[in-house]
Each structure stands twice: as structure tokens, then as C-alpha cells.
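Structural overview
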Amino acid sequence: MKYINQKLTIEKVKAQNLAKKFGTPIYCYSYKKLRENVNAFKKNFKSFSPLICFAVKSNTNVNLIKEIRKLGLGADVVSKGELMLAIKAGINPKKIVFSGVGKTSSEISYAIDKKILLINAESKSEIIEIERISKSKKKKVDIGIRLNPNTDAKTLSQISTGKKENKFGVDEKIFFEIIDYLKDSKNINLKCLSVHIGSQILDHKPYEKMLKVVDRIIKKSSHKFEFIDLGGGMGISYGNNNKKLNYKKYNIAIKKFLINHNSKIIFEPGRSIVGNVGSLISKIIYIKESNKKNFIIIDAAMNDLMRPALYGANHKTLPVIKTQQILKKTHEFVGPICESTDKFTTLKQFQKLKEKDLIIMCDVGAYGMSLSSNYNMRPRPAEVLIKGSKINVIKKRQKLKDLI
Ligand code: LLP
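Numbering of residues begins from 1 in every chain and follows the order in which that chain's sequence is written. Local features in this predicted model are restricted to residues whose pLDDT is 70 or higher, and side-chain atom pairs enter the listing and the counts only when it is 80 or higher, whereas totals over whole chains, interfaces and linings include all residues. Side-chain calculation: all heavy atoms of the structure are included, whereas hydrogens and water are not.

1. Concerning the overall build of the chain
- For the chain, the count of helices and strands is 12 helices and 22 strands.
- With C-alpha atoms as the basis for the radius of gyration, the globule rule is written as 2.2 Å multiplied by the number of residues raised to the power 0.38. Taking 22 Å as the expected radius of gyration for a compact globule of 404 residues, we find that the chain reaches 23 Å, a close match to that expectation.
- The principal-axis extent of the C-alpha atoms belonging to the chain is close to 70 × 45 × 40 Å.
- Every one of the 404 residues in the chain was classed for burial, and the buried ones make up 54%.
- Between two residues, a contact is recorded if the distance between any of their heavy atoms is within 4.5 Å. Put simply, of all contacts in the chain between residues at least 6 apart along the chain, 70% involve residues at least 24 apart.
- Of the roughly 18,900 Å² of accessible surface on the chain, a fraction of 51% belongs to carbon and sulfur atoms.
- In this tally, Lys and Arg are treated as positive and Asp and Glu as negative; His is ignored, and so are the chain termini. Working definition for charges: the position is that of NZ of Lys, CZ of Arg, CG of Asp or CD of Glu. Taking the 77 positively charged and 36 negatively charged side chains of the chain as two groups, their mean positions are separated by 7 Å. Helix numbers and strand numbers start at the N terminus; a helix is a DSSP run of H or I with at least 4 residues, a strand a run of E with at least 2. Whether a residue is buried, partly exposed or exposed follows from its accessible area with a 1.4 Å probe, protein chains only, as a fraction of its type maximum: under 20%, in between, or over 50%, in that order. The Shrake-Rupley method, run with a 1.4 Å probe sphere, supplies the accessible areas, and residue values consider only the shown protein chains as cover.

2. Concerning the environment of Ser263
- With respect to the helices, strands and loops of the structure, Ser263 is situated in the loop between helix H9 (247-260) and strand S12 (264-267).
- Taking the C-alpha atoms as reference, Ser263 lies 49 Å from Asn17; in sequence the two are 246 residues apart.
- Not counting residues within four places of it along the chain, the set of residues in contact with Ser263 comprises Lys224, Phe225, Glu226, Phe227, Ile228 and Leu258.
- Under this definition, polar contacts are N or O atom pairs within 3.5 Å; protein pairs additionally need one hydrogen-donor-capable and one acceptor-capable atom, and for neighbouring residues in sequence, both atoms have to be side-chain atoms. There is a polar contact of 2.6 Å between the side chain of Ser263 and the backbone oxygen of Phe225.

3. Quick look at the site of the ligand
- In the vicinity of the ligand lie 19 residues, with Ser199, Glu268, Arg307, Tyr311 and Tyr367 positioned nearest.
- Note that an oxygen atom of the ligand is positioned 3.2 Å from one of the side-chain N or O atoms of Lys57.
- One of the backbone nitrogen or oxygen atoms of Gly233 is found 2.8 Å away from an oxygen atom of the ligand.
- When the ligand is considered free in solution it has 590 Å² of accessible area, and contact with the protein chains removes 92% of it.
- If you map the ligand onto the pockets, it falls in the second largest pocket.
- Of the domains in this structure, domain 1 (2-29 + 275-403) and domain 2 (31-273) are the two that each give at least three residues to the shell around the ligand. Any residue with a heavy atom lying within 4 Å of a molecule or strand is counted as near it. Method remark: on a 1 Å grid restricted to protein atoms, a set of points is classed as a cavity if a 1.4 Å probe fits but cannot get out and as a pocket if it is open with protein on both sides within 12 Å along at least five of seven lines; lining residues have an atom within 4 Å of a point. Cavity and pocket membership follows a simple rule, namely that a molecule belongs there if more than half of its atoms are within 2 Å of the grid points. An automatic or database domain assignment supplies the residue ranges for each domain.

4. Re the pairing of strand S13 (residues 278-289)
- DSSP-based pairing: two strands are paired if at least 2 bridges between them are found. Two elements, strand S4 (residues 26-30) and S13, share 4 bridges in a ladder whose sense is antiparallel. Across the sheet, residue Tyr29 finds its bridge partner in S13, namely Gly278.
- With 4 bridges connecting them, S13 and strand S20 (residues 358-361) associate as antiparallel partners. Its bridge partner being in S20, Leu280 is matched across the sheet by Met361.
- Relative to strand S14 (residues 293-298), S13 runs antiparallel, the two sharing 5 bridges. By the bridge assignment, Ile284 is partnered in S14 with Ile298.
- Counting the residues between successive antiparallel strands, the hairpin from S13 to S14 contains 3 residues.

5. Topic: the sheet that holds strand S7 (residues 96-98)
- Taken in spatial order, the 8 strands close into a barrel running S5-S6-S7-S8-S9-S10-S11-S12, and their pairing is parallel. Along the sheet, successive strands turn relative to each other by an average axial angle of 30°, direction set aside.
- The pairing of strand S9 (residues 141-146) with strand S10 (residues 188-194) spans 6 bridges and is parallel. Note on S10: the bridge partner recorded for Asp142 is Asn189. Throughout, an axis means a line fitted to C-alpha atoms (over the contacting stretch in the case of helices), and angles, computed between N-to-C directions, take values from 0 to 180 degrees.

6. A closer look at the layout of surface pockets
- Its boundaries defined by the atoms lining it, the largest pocket holds a volume of some 980 Å³.
- Elements that contribute at least two residues to the lining of the largest pocket include exactly strand S2 (7-10), S4, helix H2 (31-44), helix H10 (271-274) and S13.
- In terms of residue count, H2 provides more of the lining of the largest pocket than any other element does, 7 residues in total.
- Partitioning the lining of the largest pocket into residue classes produces 13 nonpolar, 15 polar and 11 charged.
- Here the lining of the largest pocket spans two domains, and each of domain 1 (2-29 + 275-403) and domain 2 (31-273) adds at least three residues to it.
- Grid points are joined across faces, edges and corners, and a volume is the space filled by probe spheres set on the points. Roughly 620 Å³ of internal volume is contained in the second largest pocket.
- Lining the second largest pocket are 33 residues, with Lys57, Thr161, Phe168, His196 and Tyr367 positioned closest to its centre.
- Those elements that place two or more of their residues in the lining of the second largest pocket are H10 and helix H11 (307-311).
- Looking at which domains feed residues into the lining of the second largest pocket, each of domain 1 (2-29 + 275-403) and domain 2 (31-273) gives three or more. Under this grouping Gly is polar, as are all residues other than the nonpolar Ala, Val, Leu, Ile, Met, Phe, Trp, Tyr, Cys and Pro and the charged Asp, Glu, Lys and Arg.

7. Topic: the nonpolar core
- Take the buried Ala, Val, Leu, Ile, Met, Phe, Trp, Tyr and Cys residues and link them wherever side-chain atoms come within 4.5 Å; each set so joined is a nonpolar core. With 94 residues, the main nonpolar core has Leu230, Tyr250, Ile254 and Phe267 as its most contacted residues.
- No other element matches helix H8 (residues 205-221), which puts 7 residues into this core.
- Beyond its immediate chain neighbours, meaning those up to four positions away, Phe267 contacts Phe41, Phe45, Phe48, Pro50, Leu51, Ile52, Cys53, Leu230, Gly231, Met234, Tyr250 and Ile254.
- Core analysis: the second largest hydrophobic core is formed by 15 residues, Ala19, Leu358, Ile360 and Ala382 among them.

Keep in mind these values describe shape, not function.
This is how it looks when you write it as C-alpha cells:
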């Protein structure tokens, strides 16, 4: 994304033309960026060629997932719906892992029927249920156990998952009990140890700690795990924070770990694959001036992009057409929804704006559209995928008649 003659351009397409042709708010994805991210991810860990399972929850557009599949990735799913979607996108079930603390019997049964690579179980009760269902189907099912390594991911508390107070995975004691329980199981193959300590992780040290815990536990268990699923969580730089995860150090830590463990590594990245691939174009409806600040009321709202309301996330916001005039006044970008948390970024200054101008919010490819809702009876936005100068509508804007 760059300015050409002051006009914001995604690959070879002017953002203003997208708004004109398809309306606003609209999610736009860059194929080039997607391919770059996938290749960079593979390159970071190429010495042990992991299985990379895209975390579908971060972006559930079937056409985008098809592109991700063509780039060689599998899928990490957390519901029957996501599993069906991954299969519809053509992902080989042998490249699909199923995570989640509350898989229902129907979800487990469907996953078994589809012969996916692994069901990553998160409790004793779930294991018993998987065993019961696989027995009734006269099958032997491959599973993983998600370990809660009690490791602080040093990220937002709302997206931390690896501490003992979090609901995810099982603690060390139960982990060993499960291994024991499954020793002679006729219907379950314990093939994987999985972990996922959180999301938007920018410090490699929590990953090093996590690996140490996993290393110690495997040695103590003396069970041979064919797979070690290290989850996702790799953070990206949002806004003006240029922090980056040190992939080199994470890679070194994994290679060190693999000296003692002959297992295939699985990753479940979401944000690092699609986060900076997407932007959201929105039009200014009104500008409400007050003494202290200007409210820039835009046609995107918290139902379209939930991250700011849910986590106080800050997405870099840019004008679609750049001018030289700066207005030194606080600008609060807000949506039309009747909630005070329906606001996006607040900036001390911005270029002088007028009603009907377009702005764009960056890095919304992950947990943008997938977290959207129809709150306030607002139809979901359209999504387009840009490849060079080609524009593909990969999801049409929802119509009110679909909602009413
Ligand atoms: N694997 C598991 C088991 C997960 O729970 C998650 C994310 C991932 C993989 C992918 O994590 P990633 O690589 O994308 O960090 N809605 C929040 C993020 C929630 C993440 C939930 N789990 C946000 O907008 O920041």
C-alpha cells in the first residue's frame, strides 16, 4: 500500500476507485502481501519444514482461504463451521488440526468422519468423549493433548491463553494422567502435544520458556510424540509501534529443542499470515466539531471492526487522498453505533478532512471481518481481493433483505 500522486494505492488499484465501485465500508486484501507473508513464514522455519496450519478464526473468507491453501498451508479450526469451511476451501483433511475447549459430540463425530490430522483435546472429559465416539464408529482416532505450560505470553490479558488461570489445555499433572490412561486405548492414538500461549506475541522469550516446559514434560513422560504443535500467536506491528517478533531467536530455540525430539513441528498462525494483508476503507458521514475535539463520524462501526472496542486496539488510520493541509486538533474517529466504545483511533492532528472524504484503517486482515456482526442491524461489508490491477469480489456486501 503506498501513495501514488497523493492517492492511496493497493497493489495497482486506487483505494478511491474501490470505494466508488463497491461502496463503503469495504475490506480490501492484497494478494501480494499474503504471498509475501506465507513465504516469509516458511523461510523463517525452513530448516525443519513445519506443517503450517492457518488459524481460520482470523479470517473466514472461503476465497481467501483457497489462496492460502494454494500457497501450501493447512488449517487450524475451532468449530464444525470452520472445519466445513476449510474443507470447502479444498484443504486436505490430513492438514487440518482441530483445537478448542468445548468441542461438542457432533463436532467430534464430524471431525472423525472427515479423517482430519489431529483433534487437539483440552480435557480428560473430552478425551473420554472422543474415545466413546470413536469406539462406536469402530475407529482409531489420532489426537493431541493441549498442555497448559503456565507461561506468560507477555501480551494483552484478553488474548493470553497459556497461564494456569486460563481455561485452555491441561496442567502437567493431568497431562501425565491422560498419557497413562491412553496407554492401552484401542480407539485413540496419542500423537501430538500441543500448546498455544496467546496472541500478538512480540517477545520471543515466552516462546523459549514454553519450549523449555514442553521439553521437560516430554522427557519426563517418555512418550514418543509424532507431532509437536506450537500454536500460533506471532505478533505483527500495528500502527506506529515498530516492534517485531525475533523469528531468528524463536527458530534457534525450536532447533535446539528438536535436537532431543524427533517430531514434526506444527504451527497455527493467523495474524502473522493475514493481519497486514487487509485494510478497511470507510467514508466520513459527518464531522461534529466541538471545542476540544472533532468527532469524525465514519460509516464503519464496531460491528465491522470490533478490535478497538474489544481490546482497545489501535489501527493506523490514513487518508485515501493525501493533501498538505494539517489540522492541529484532536480527531476522534467514531462509528454510528449507539455505544460509547464504538470508536476507533484518536489522533492529536490529522490532515484537514471534510464530509464524504475517505479514510482507511490498516492491518485489519486478521480478526477484522471474522469478528464482525450485524449489531444494530448493519449489513456486513463487502470484501475484495486485489491481485495487481485485478479486483475480485470475494464476498458481496450483505443486503438488508438478508437480515430482515
Ligand atoms: N491456535 C489457537 C489454539 C488459537 O486460539 C489462536 C488464536 C491461534 C492459533 C492463532 O493465533 P494468532 O497467530 O492469530 O495470534 N481476536 C483477537 C485474537 C484472538 C486470538 C485467539 N486465538 C484479536 O483480535 O487480537
